[in-house]
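# Notes for the structure review
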Amino acid sequence: LFLLSLPSLVFSDEHLLFVQAVSSFLSLYSPSFIVSSWQIIIMISQLWRHGERAGNRGDSLHDKTLFKYGIGELTEAGINNTYNVGRWLRNRYVDREKFLSPVMNPKELYIQSVDVSRCLMSAESVGQGMFNADGRYAPLPVAVHSRPRENDWMLAFKWSNCDGLGREFSRICPDYPLISTLSSYHDYESESFRCSNASHNSTFFNTAEKYQLVEPLIALDLAGAKLPDWYTPELRLEAREVSDKALRFQLGLGEFHNKRILRFSTGLLVDTLQKELVHKWKCSSQTSFDLHCAAIQPIMFRAFSTQDFVLNSLLETLGEEARIEALSPLGAPQYNSLLLIELWNVDGTPQVKVLYRPDAYKEEATVITPFVRGCSKEYCSLDLFDSCCREIRTSNPKDECDNR
């Protein structure tokens, strides 16, 4: 009775029907023991950005000691901070909430990563932080699922293989070149810089050539490396503003909000997330074997190790207010940022709670559910949450890229 009377208690699936049955029994035969409210967590879906990394270009600007693992790869700080994200998740869902098993149960976890080494390493580091708690000599292997980037339409943005994306850019920026003629991702970024008029936000980073310095300079700055003498505090602020504005155009965010671009970049991801939540809820009350529930039923921890543009696009898809609330005041997902989508049973009804942790240092995550489109409180009904993003969702972005 004491356990049932707690206002917020976390159970795994196998306890759910027991709690419901006991609560109903007490309500029927002993009204004085009616439980006013009970909350049971069912599943957690989450996305995290990889840890601190070296820049992807501008090799002459890089500190070879600080970035010893190479261009675009995690730094030592990135590895350590990502491990600490795992410790934070363990503290929340193992130690405090008693939701996940203290000893890793592989059937409870499904961790998926985009096929980028810094994201794969981050997924492994988070898993190590969560379950390498017994001081074992050999690190505990954690299964991380991935697929080749050319086949991954959920986590890998297909800018170069998406004619539909090129047509949309040409519609909003009439002199945008054919996307097939862009020889590299840097050219793609340069066109976003030009079409967004981001050059108006800087007195220095006002040409495509100078814009190519922005990314490595920001990486150096975030890593605490020695910066060029000419890179003043004013230019640091300008670099961030220019980078963020160009990225908002590229992804269809904020003042450049574009549902079609969001469908290409995050439509399959949000469709997958929401379908899994609905499927998990339906299967959580199954008492006998159901083939359709066999895959989802044991999964309690669903995770995606990804990049900043995926988090940025997903937050915008949930609602522009949600993105602004989560990312304020910096305006973009930082290293080790974490988006949590929790599915709860609240008094027998499915409810969703959305939280955001901006980096590896913040003690607690911030509840952003009230800022999700269609939601207004800490918990949002699964039906409302499922309907928030229907215009963005797609089960086949490849076909949409190909179709005119």
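Heads up: these notes are all about the structure in this document. Given the structure is predicted, the values throughout are model-derived calculations rather than measurements.

### Some thoughts on the environment of tryptophan 153
- Among the structural elements, tryptophan 153 can be located in the loop between helix H4 (117-131) and helix H5 (163-172).
- Exposure remark for tryptophan 153: the relative accessible area of 15% places this residue in the buried category.
- Sequence separation between tryptophan 153 and lysine 398 is 245 residues; the distance between their C-alpha atoms is 7.2 Å.

### Focus on the state of the cysteines
- Considering all chains together, one arrives at five disulfides under this definition.
- Across the disulfide from cysteine 173 sits cysteine 195; the S-S distance is 2.1 Å. Between cysteine 173 and cysteine 195 the sulfur-sulfur dihedral comes to about -75 degrees; the bridge is accordingly left-handed. Separated by 22 residues along the polypeptide, cysteine 173 in the loop between H5 and helix H6 (185-195) and cysteine 195 in helix H6 bring together distant segments of the chain. Of the two residues examined, cysteine 173 and cysteine 195, each falls in the buried class.
- Note on cysteine connectivity: cysteine 388 is disulfide-linked to cysteine 389, with sulfurs 2.3 Å apart. Between cysteine 388 and cysteine 389 the sulfur-sulfur dihedral comes to about -55 degrees; the bridge is accordingly left-handed. No difference in accessibility class separates cysteine 388 from cysteine 389, as the two residues are buried.
- By sequence order of its bonded cysteines, the protein chain has the disulfide arrangement 1-10, 2-3, 4-5, 6-7, 8-9.

Thresholds applied
Residues numbered from 1 in each chain as written. Predicted model: local features only at pLDDT ≥ 70, side-chain atom pairs only at ≥ 80, totals over all residues. Heavy atoms only, no water. Helix = DSSP H or I, 4+ residues; strand = E, 2+ residues; numbered from the N terminus. Buried < 20%, exposed > 50% of the residue type's maximum accessible area, 1.4 Å probe, protein only. Disulfide = S-S within 2.5 Å.

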